[in-house]
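For reference, the chains in residue letters:
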Amino acid sequence: NYRTGIVTTAAVTDATPAVQGSYSGFRQTRFEIARQYFENPMLNGRPAFDVTFGGGGEAFLPDSRTDGRNLVQEFRNLGYRYVTNATELRGIQFGQPTIGFFKNAARPGAASDGIRAANDTNMDVAYDKLRLPRPASEPEPNFGAYPAQPMLDLMTEKAIEILSTSFGRQPFILMVEAASIDKQSHPNHMSGVIWDTIELDRAIGAARRWANRRAQKDTLIVVTADHDQSMHLIGVSNLPDA
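Residues numbered from 1 in each chain as written. Predicted model: local features only at pLDDT ≥ 70, side-chain atom pairs only at ≥ 80, totals over all residues. Heavy atoms only, no water.

**Q** In this structure, what is going on with helix 6 (residues 152-165)? I would like to understand it.
**A** In an α-helix, one turn spans 3.6 residues; hence positions three or four apart end up facing the same way. With 14 residues, helix 6 should cover 20 Å at 1.5 Å per step; its first-to-last C-alpha distance of 20 Å lies within 8% of that length. By the criterion of burial, helix 6 is predominantly enclosed, with ten of the 14 residues buried. Of the positions making up helix 6, those classed as buried are Leu152, Asp153, Leu154, Met155, Thr156, Lys158, Ala159, Ile160, Ile162 and Leu163. (Helix = DSSP H or I, 4+ residues; strand = E, 2+ residues; numbered from the N terminus. Expected span 1.5 Å × (residues − 1). Buried < 20%, exposed > 50% of the residue type's maximum accessible area, 1.4 Å probe, protein only.)

What follows is the structure, given as structure tokens:
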């Protein structure tokens, strides 16, 4: 009988958030993972989470889904609030379950396998959200229609506020993922890794401040990595053949 939430800078159907609220034999079944968030088979068809914040809204929208379902609207029909940028997130007044998708695919549509969108869209990384200059060897960010994406600490603060104030005295569990520490390591984007680690640290700080304000010291905060990373600082960058 806990309330639940997931916060991630990846697409919300990516592996780490997905394992909190879905069951699938293959991590790329993004449409099915999104469906299980709405009608979870282990919860008698009820939604998996009271709060869901991150990227990848295309998995919930009819212009990408092969079944044509609009899961965003279906959540709203159940009384969920829907937010799409940092300004809306800052201004919400708790009181109800909430979904927030802060970046969607610029070109919606399904992949050829039919089980996911053609593009699973992660949020932009902290380094880029802060408008810091990329090294010339790295690609410039493309915010598209989503220039006002929230930072991870704001998403964490708001998720905690909703889960701790909207449902009486029920306890809650919240999973928060700084996903692009990993995703920036893959192409050896060192600044992206470092600034997303700082963003994670700030999110941990938001959780600790909330816990420390409570008169009853009943909050457990666990900080861990789900795997190591192999980025090496070797003085070169990955460059395209061109």
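There's plenty left to go through after this.
**Q** Just to check I follow, could you spell out the layout of surface pockets for this structure?
**A** There is about 1600 Å³ of room inside the largest pocket. Along the walls of the largest pocket sit 46 residues, with Leu174, Met175, Val176, Ile221 and Val222 positioned nearest its centre. Counting only elements with at least two residues in the lining of the largest pocket, the list comes to helix 1 (15-21), helix 6, strand 5 (172-177), helix 7 (180-185) and helix 8 (190-213). Looking at the lining of the largest pocket, the element that brings in the most residues is strand 5, giving six residues. Partitioning the lining of the largest pocket into residue classes produces 24 nonpolar, twelve polar and ten charged. (1 Å grid on protein atoms, 1.4 Å probe; cavity = no way out; pocket = protein on both sides within 12 Å on 5 of 7 lines; lining within 4 Å. Points joined across faces, edges and corners; volume = space filled by probe spheres on them. Nonpolar A, V, L, I, M, F, W, Y, C, P; charged D, E, K, R; others polar.)

**Q** Looking at this model, I keep getting lost on the pairing of strand 1 (residues 3-11). Mind explaining?
**A** Looking along a regular strand, one sees the side chains alternate between the two faces of the sheet. By the criterion of burial, strand 1 is predominantly enclosed, with eight of the nine residues buried. As paired elements, strand 1 and strand 5 share six bridges and run parallel to each other. Each residue of the ladder has a partner; that of Val7, found in strand 5, is Val176. The pairing of strand 1 with strand 2 (residues 51-55) spans four bridges and is classified as parallel. Across the sheet, the residue bridging to Ala11 is Gly55, located in strand 2. (Pairing = 2+ DSSP bridges.)

**Q** Looking at this model, I keep getting lost on the pattern of salt bridges. Mind explaining?
**A** Any two side chains of opposite charge can pair, on the condition that their charged atoms come close. What the rule picks out here adds up to 19 salt bridges. In this structure, Arg3 engages Asp50 in a salt bridge whose closest nitrogen and oxygen atoms are separated by 2.9 Å. One end of the pair, Arg3, is in strand 1; the other, Asp50, is in the loop between helix 2 (30-38) and strand 2, and 47 residues separate them in sequence. When its relative accessible area of 23% is taken as the criterion, Arg3 is described as partly exposed. Judged by relative accessible area, which is 9%, Asp50 ranks as buried. Among the ionic pairs, Arg27 bridges to Asp14, the shortest N-O distance being 3.3 Å. With Arg27 in the loop between helix 1 and helix 2 and Asp14 in the loop between strand 1 and helix 1, the pair connects residues that are 13 residues apart, well separated along the chain. Through salt bridges with shared partners, one network takes in Asp14, Arg27, Arg30, Asp120 and Lys183. (Salt bridge = Lys/Arg side-chain N within 4 Å of Asp/Glu carboxyl O.)

**Q** What exactly am I supposed to notice about the pairing of strand 2 here?
**A** Among the five residues in strand 2, five count as buried, and that is most of the element. As paired elements, strand 2 and strand 4 (residues 98-101) share four bridges and run parallel to each other. Opposite Gly54, over in strand 4, you have Phe101 as the bridge partner.

**Q** In this structure, what is going on with the sheet that holds strand 1? I would like to understand it.
**A** Backbone hydrogen bonds are what pair the strands of a sheet, in a parallel or an antiparallel way. Strand order in the open sheet formed by five strands is 3-4-2-1-5, with parallel pairing between adjacent strands. Pairing within the sheet leaves two strands with one partner each, and these edge strands are strand 3 (81-83) and strand 5. Averaged over all pairs of adjacent strands, the angle between their axes in this sheet comes to 5 degrees, without regard to strand direction. (Axes fitted to C-alpha atoms, helices over the stretch in contact; angles between N-to-C directions.)

**Q** Hey, could you run me through the packing of helix 6 against helix 8 in this one?
**A** Running from N to C, helix 6 and helix 8 cross one another at 25 degrees; their axes reach a closest spacing of 8 Å. Put simply, helix 6 runs roughly parallel to helix 8. Of the two possible hands of crossing, helix 6 and helix 8 adopt the one that is right-handed. Facing helix 6, whose interface residues are Leu152, Asp153, Thr156, Glu157, Ile160 and Ser164, helix 8 presents Glu199, Leu200, Arg202, Ala203, Ala206, Ala207, Arg209 and Trp210. Of the residues contributing to the contact of helix 6 with helix 8, the split by class is seven nonpolar, two polar and five charged. (Parallel < 35°, antiparallel > 145°, perpendicular 65-115°, else oblique. Left-handed = near helix turned anticlockwise from the far one by under 90°. Contact = heavy atoms within 4.5 Å.)

**Q** Hey, could you run me through the environment of Asn122 in this one?
**A** Position of Asn122 among the secondary structure elements: in the loop between strand 4 and helix 5 (126-129). Judged by its relative accessible area of 26%, Asn122 falls in the partly exposed class. Sequence separation of Asn122 and Ala10 is 112 residues, and the distance between their C-alpha atoms is 4.2 Å. Polar contacts involving the side chain of Asn122 include one to the main-chain amide nitrogen of Ala11, which spans 3.0 Å. (Polar contact = N/O pair within 3.5 Å; in protein donor to acceptor, adjacent residues only side chain to side chain.)

Bear in mind that shape data such as this cannot, by itself, settle questions of function.
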